[in-house]
Every structure is written in C-alpha cells, then in structure tokens.
Amino acid sequence: MSEQIKFGTDGWRGVIADDFTFENVRRVAHAIANYVHRFEDPSKGILVAYDTRFGSRRFAEITAEAIAASGIGVRLAREITPTPALSYMVKQLGAAGGVMITSSHNPWDWNGVKFKASYGGSASPAIIKKIEALIDAPHIEGKGGSVVEADIKASYIAAVKAFVDLKLIAQAKQKFVVDVMYGAGRGIVAGIFKELGVEHIEIHGEIDPLFPGMNPEPILPHLRGLQEAVLASHYDAGLATDGDADRIGAVAEDGSFVDAHKCYALLLEWLLKRKQWPGAITRAFNTTGMLDRIAKAYGRELIEHGIGFKYVAEIVLSGKQVLIGGEESGSIGIPRFLPERDGTLNALLLANVMAEEGKTLGRLVEDLQEKYGRHYYGRRDLHLAAGTMQTALQRVAARPATIGGYRVRRVEDLDGFKFFLDVPDKVTGNAPLHANPAEAWVLVRGSGTEPLMRVYCEAASPEIVNRILDATVAFVNERATNT
C-alpha cells in the first residue's frame, strides 16, 4: 500500500530518498495533472521550476514528464529559479498553474513540491484539498503533451525592477551585504545592485545542496555569517532570502538581527505613509501585534488568519482589496505586485525604504519601537516523537491557568493555542512612557510542514520573551513526560 502524502501549509515536503522519492513525486505530479484536467483549462499549460536542492532538477523533469503524459503542455525552467518568479510567470502567461520543486527553508536533506495556482500565488486550502483527494486517482493519459525548456526568470526580474524605485536606491549610496543562503535567489539582488552601481557583497551564492552550516531560513542562528559580513565590511544593512527566495530576513548596520516581524512592520508603515495605496492588512496568527497598532494608527482594517501564505491568497481571491499580507516566517506579499510572498522584492523594498527615509535600518526599527511600543519576538522548535507531540498538544489544549508562573488572561485557538499572559508592570517598566509595550503572548502549534512543535512568543523585552519560552518549553516537556 502506498504511503499517505499530506500537504502542509504550503505544499508537500519530505526527506529525500525516504518519502521524497521519484515514485512519490510522480504520484503528486499525476494528482496535479488530474486537478488541472478537472478544475482548470489544461490547454493553458503548466510551468515547472526548481531550486538548488539535491536532485531538484531531476525531480522537476520527472514532474514535467508525468504532467505532459496527461496531454498538458509543460514549460520547464531552463535554470534554477526562485518560487516568486514561477508564480509571476504563471500569471503573466495565463497558465493553468505552476509546480515548484523546493522545500523552502527546510534542512538540506528535505525537498518538496509547491503548487502555484493560476492567479500567481499559493494554492488556496480548497485547491490543496482537491489535489490531495486525487493522490492515487487513475492516471489521465492524453496526446499533445510536451515538455519545452523556458526562461522563467527574466520577465520576473524586469517586473521587480519596475516596482521598486531603483533610482532612489542608487542615489542613496548605501552599501549592502546580500545573503542568498545557497538558494535560488543567487545573483538576482546582487545583479540589480551591480547595474545600479550600489556597493554590495553577495555571500553564500555558490551552489551547495548541503547548505553547509545552516538551514536556508533567514533567522538566527543561520544568519550569523551575514551579521559577521555586515560588521566586517561596515555596510549599512544585510538582506537575506531563503532557499527558494520567497522569504526575507535582515541585519542592521550594528549586526543586530531584524526579524520578519520588523521587516513587515517597516514595509507596512512605509506603504501607508509614502504610497498610501488602498487595502486591508492581513497577518497570520503567529505574527506581531505591532501590525495591529500600525493599522489602527492609519485607520486600516486588519484581518487575522491561519498560518500559511495560502490564507492571504484566499482573502485576495475573495475579492477583498489587500494592501499587504504576511506571516512570522518572513513570508510577506504585496498583492498589487502579485498575490505571493517574495523575498527578493521585499529585500529591494527595504533598501527603498532606507533610501527614501534617509535612515539606517537600525534607526528605522528603533523609530517603530518608540512609536508603537517595544515588541520583541522569539521562537523555539521542538523535535518530539509523534506520540509525545500529540500528548503535549492535548495537554496544551486543556488550557492551563498559568504558564511558568504567568497567569493566562485569555486563550485563542485560530491555529494552535495562543496564551495571552499577565506580565507584571514592574517587568515592563523600561518601556517608553509614550508607547505601551507589547501584549505578552505565547503560541504552541504543531508544524504544518515538519515533525516539529513550534513555540512562538512576543513580549516587551528579549528577557521576558526568553523567560516565557523557557517556561512554555518546560511545561510542554513536563506534561508530555508525566503522561
């Protein structure tokens, strides 16, 4: 009997040669072909692209061949391609969809399949459900299918350049380190900076499927090299994209890490202040409350949703006008450009913000903290056995009255269990008087893409964040062990 293939928050992922095998990739490809024949227009064709991971090109070829066998024309990327470039070309060409071979930020021994819908963004939960239901359905065989190689990057890069104020970036004379984390964004931001005459360095740009020393996720500790490069070169900022270049991370001029929450908040404030484009703001359940405060200050609607960029795409598809949407992982998208997250675009937009405001990245972050209150964030990833994780989640679902001595004021369960905690005023007394500090919360949730339990936290200081995280991890482990 074939093993079950389950899609997570953004496609299906697995360990190479364990569950991510040629056979299982073909099963997913046949399911996608079935979906296109049943629910889309197969004559519009499918695009297939791939990242820098081990075997990605061959897995992409197998995917293309399986889809073409059903009678669908397939354009296969000529070279390593970022996920947002695939999404852009799906929409630009009016294709029925796109398939990306990547597992994004996962460790080196993982790979995966993402399906991008005809609108040029993450497949909605409804689409994913339909594809999952067609796993192991009888193969559709048809004539007329073909596989041809195509350039899926050039038009996307041109569109990104047109969306950003490159002239302003060039005039600012700021200097950047670009960390592509051995991923599919290699050469893109650096190439644009080179054209502009912007002083820059690209690091980790060589192809190495082992991603030595890191997971290609733009968070600490994986950005230690970027921090060191920024400090060593005395540059103004470091900009990082993940394995398939759809996520963003950054480092300030003093080497401090600028997490995705602050990247999102900076872009949001700039869009509202400078661009004044219409639309609501969306954020995932695990994302900073600073966004709520910015939205309120500008009188904009804020929509909270589940974790996964597919929920942003779903809101856009509903007809709702959305200015920007995103989540904790560095997934930030501006539907005016594309209903898709885009690390490359956001890296350039951060440079755009710095240039237009005439400030360093660190100064911009500090301005946000002073205006909207101190917000600090942390995350712990817990590798637990399946049974232990299930038990731990059941205990968390019992909604304890306290966590680590902090009284639980209320609990929300939109996607996981989010505990809002009562933190004494004396602990947050170092916050500026003119801005209330962040409301402390901790979220416990099983990962949708990996065998992990994740614990997220936000509070008014890094010390409080670490205390709450320590207490929550201890609570999870104690409960799981005692049971």
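## Quick notes on the side chain of serine 122
Phase 1 of the analysis: Residue position: serine 122 is located in the loop between β5 (110–117) and α4 (125–133).
Phase 2 of the analysis: Only 3.2 Å separates the side chain of serine 122 from the side chain of lysine 116, close enough to count as a polar contact.
Phase 3 of the analysis: If we ignore the near neighbours within four places in the chain, the residues touching serine 122 are Asp10, Phe115, Lys116, Phe309, Lys310, Ala313, Pro339 and Glu340.

## Some remarks on the packing of helix α7 (residues 188–196) against helix α12 (residues 343–357)
Phase 1 of the analysis: Look at α7 against α12: their axes get within 10 Å of each other, and the N-to-C directions meet at 40 degrees. As far as their axial angle goes, α12 and α7 are oblique. Judged by the sense of rotation from one axis to the other, the crossing of α7 with α12 is right-handed. Every residue of α12 that contacts α7 at Ile188, Val189, Ile192 and Phe193 is listed here: Thr344, Ala347, Leu348 and Ala351.
Phase 2 of the analysis: Residue composition of the contact of α7 with α12, by class: 7 nonpolar, 1 polar and no charged.

## So, the sheet that holds strand β10 (residues 248–251)
Phase 1 of the analysis: Strand order in the open sheet formed by 5 strands is β8-β7-β9-β10-β11, with mixed pairing between adjacent strands. The open sheet has two edge strands with one neighbour each: β8 (200–203) and β11 (257–258).
Phase 2 of the analysis: Two strands pair when backbone bridges link them, and strand β7 (residues 176–179) and β8 are joined in this way by 4 bridges, in the parallel orientation. Residue pairing in the sheet places aspartate 179 in a bridge with isoleucine 203 of β8.

## Re the side chain of serine 70
Phase 1 of the analysis: Examined against the element boundaries, serine 70 turns out to sit in the loop between α2 (56–68) and β3 (73–77).
Phase 2 of the analysis: By relative accessible area, serine 70 is classed as buried at 4%.
Phase 3 of the analysis: Within the structure, the side chain of serine 70 is placed 2.7 Å from the backbone oxygen of isoleucine 67, a separation counted as a polar contact.
Phase 4 of the analysis: Those residues in contact with serine 70 that lie beyond four places of it in its chain are Ala33, His37, Ile140, Glu141 and Gly142.

## What to know about the packing of helix α9 (residues 260–275) against helix α13 (residues 361–372)
Phase 1 of the analysis: In the contact formed by α9 and α13, the axes pass within 10 Å of each other and the chain directions differ by 80 degrees. Overall, the two elements α9 and α13 adopt an arrangement that is roughly perpendicular. Facing α9, whose interface residues are Lys262, Ala265, Leu266 and Glu269, α13 presents Leu361, Leu364, Val365, Leu368, Gln369, Lys371 and Tyr372.
Phase 2 of the analysis: Split into classes, the residues belonging to the contact of α9 with α13 amount to 7 nonpolar, 1 polar and 3 charged.

## Some words on α12
Phase 1 of the analysis: Compared with an ideal rise of 1.5 Å per residue, which puts 15 residues at 21 Å, α12 spans 21 Å between its outermost C-alpha atoms and is within 8% of the ideal.
Phase 2 of the analysis: Taken across its 15 residues, α12 has 14 buried, putting it largely inside the fold.
Phase 3 of the analysis: Put simply, aspartate 342 is the residue that caps the front of α12, since its side-chain oxygen is 3.1 Å from the backbone nitrogen of threonine 344.
Phase 4 of the analysis: Of the residues trailing α12, glycine 358 is marked for its positive phi of about 65 degrees.

## Let's talk about the sheet that holds strand β6 (residues 146–150)
Phase 1 of the analysis: Taking strand neighbours across the sheet as the criterion, the 6 strands line up as β1-β5-β4-β2-β3-β6 in an open arrangement whose pairing is mixed. Looking along the sheet, the strands with just one partner apiece sit at the ends: β1 (12–15) and β6. Put simply, the sheet's adjacent strands are angled 20 degrees from each other on average, direction ignored.
Phase 2 of the analysis: Sheet analysis places strand β4 (residues 97–101) next to β5, joined by 5 bridges and oriented antiparallel. Each bridged residue has a counterpart across the sheet, and for valine 99 the counterpart in β5 is phenylalanine 115.
Phase 3 of the analysis: Against the sheet, α2 contacts β2 (46–50), β3, β4, β5 and β6, and its axis sits at roughly 165 degrees relative to β2.

## Thoughts on unusual backbone geometry
Phase 1 of the analysis: Here the bond from leucine 220 into proline 221 is cis, since omega is 10 degrees, no more than 30 degrees from zero.
Phase 2 of the analysis: For proline 221, the location among the structural elements is in the loop between β8 and α8 (224–233).
Phase 3 of the analysis: With phi around 55 degrees, histidine 204 is a residue other than glycine that occupies positive phi space.
Phase 4 of the analysis: Here histidine 204 lies in the loop between β8 and α8.
Phase 5 of the analysis: A positive phi angle is found at histidine 234, which is not glycine, with a value near 55 degrees.

## Thoughts on the pattern of salt bridges
Phase 1 of the analysis: A complete count under the given rule lists 38 salt bridges for this structure.
Phase 2 of the analysis: In this structure, aspartate 136 engages arginine 27 in a salt bridge whose closest nitrogen and oxygen atoms are separated by 2.8 Å. Of the two residues, aspartate 136 is situated in the loop between α4 and β6 and arginine 27 in helix α1 (residues 22–39); the sequence distance between them amounts to 109 residues.
Phase 3 of the analysis: Residue aspartate 136 is classed as partly exposed on the basis of its relative accessible area, which comes to 48%.
Phase 4 of the analysis: A salt bridge links glutamate 61 to arginine 58, with the shortest nitrogen-to-oxygen separation between them at 2.9 Å. Of the two residues, glutamate 61 and arginine 58 are both situated in helix α2; the distance of 3 residues between them amounts to about one turn of the helix.
Phase 5 of the analysis: The class for arginine 58 is partly exposed, based on a relative accessible area of 35%.
Phase 6 of the analysis: Residues joined in a network through salt bridges with shared partners are Arg57, Arg58, Glu61, Glu65 and Glu149.

Conventions we followed
Residues numbered from 1 in each chain as written. Predicted model: local features only at pLDDT ≥ 70, side-chain atom pairs only at ≥ 80, totals over all residues. Heavy atoms only, no water. Helix = DSSP H or I, 4+ residues; strand = E, 2+ residues; numbered from the N terminus. Polar contact = N/O pair within 3.5 Å; in protein donor to acceptor, adjacent residues only side chain to side chain. Contact = heavy atoms within 4.5 Å. Axes fitted to C-alpha atoms, helices over the stretch in contact; angles between N-to-C directions. Parallel < 35°, antiparallel > 145°, perpendicular 65-115°, else oblique. Left-handed = near helix turned anticlockwise from the far one by under 90°. Nonpolar A, V, L, I, M, F, W, Y, C, P; charged D, E, K, R; others polar. Pairing = 2+ DSSP bridges. Buried < 20%, exposed > 50% of the residue type's maximum accessible area, 1.4 Å probe, protein only. Expected span 1.5 Å × (residues − 1). Salt bridge = Lys/Arg side-chain N within 4 Å of Asp/Glu carboxyl O.

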